[in-house]
Amino acid sequence: MRRRRATERLAAAYVEPHAHDATDQLIGKQLAQALWAALDQLPIAQRVVFVLCEAEQRTSVEVAAIVDAPEGTVRSRLFHAKRRLRELLEDES
């Protein structure tokens, strides 16, 4: 449930904040579902780092401590996760 709310928040960032009609809400939910499906295709290490950094807004230092990896590794995983998500979401369009 927490993951679903986080992906919906991320998808909402792509929809204009002042738009509140049913069409925009549907688009937001579809974006969240597409993001969720794309996240499921990432390797677990990249998925964890992406969710912690982007959805939970943690710093790379905090995430490095959580996943017990060097900060550089966390940043690399985040970079690769974002690149792969971009590719997956563009393919969906």
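Notes on the structure in this doc start here. Note that this is a predicted model, so its numbers are computed, not measured.

### Describing the nonpolar core
Among the nonpolar cores identified, the biggest contains 15 residues, and Leu-39, Val-49, Phe-50, Cys-53, Val-63, Val-74 and Leu-85 are the most heavily contacted of them. Those elements giving two or more residues to this core turn out to be α2 (22-40), α3 (44-55), α4 (60-67) and α5 (71-92). Considering every element that reaches this core, the biggest residue donor is α5, with 5 residues. Setting aside residues up to four positions removed in sequence, Val-74 forms contacts with Val-49, Cys-53, Ser-60, Val-63, Ala-64, Val-67 and Ala-69.

### Section: the environment of Gln-57
Tracing the backbone shows Gln-57 in the loop between α3 and α4. Residue Gln-57 is classed as exposed on the basis of its relative accessible area, which comes to 61%. Looking at Gln-57, its side chain comes within polar contact range of the main-chain oxygen of Glu-54, at 2.6 Å.

### Some thoughts on the pattern of salt bridges
For the coordinates displayed, the defined rule picks out 4 salt bridges. Two residues, Arg-75 and Glu-71, come together in a salt bridge whose shortest N-O distance is 2.7 Å. With a gap of 4 residues between them, Arg-75 and Glu-71 both fall in helix α5, about one helical turn apart. Residue classification places Arg-75 among the exposed residues on the basis of a relative accessible area of 52%. Salt-bridge contacts for Arg-84 lead to Glu-87; the nearest nitrogen and oxygen are separated by 3.3 Å. With Arg-84 and Glu-87 both in helix α5 and 3 residues apart, the pair spans about one turn of that helix. Judged by its relative accessible area of 34%, Arg-84 falls in the partly exposed class. Taking relative accessible area as the criterion, Glu-87 reaches 36% and is therefore assigned partly exposed.

Parameters and conventions
- Residues numbered from 1 in each chain as written.
- Predicted model: local features only at pLDDT ≥ 70, side-chain atom pairs only at ≥ 80, totals over all residues.
- Heavy atoms only, no water.
- Core = buried A, V, L, I, M, F, W, Y, C linked by side-chain atoms within 4.5 Å.
- Buried < 20%, exposed > 50% of the residue type's maximum accessible area, 1.4 Å probe, protein only.
- Helix = DSSP H or I, 4+ residues; strand = E, 2+ residues; numbered from the N terminus.
- Contact = heavy atoms within 4.5 Å.
- Polar contact = N/O pair within 3.5 Å; in protein donor to acceptor, adjacent residues only side chain to side chain.
- Salt bridge = Lys/Arg side-chain N within 4 Å of Asp/Glu carboxyl O.

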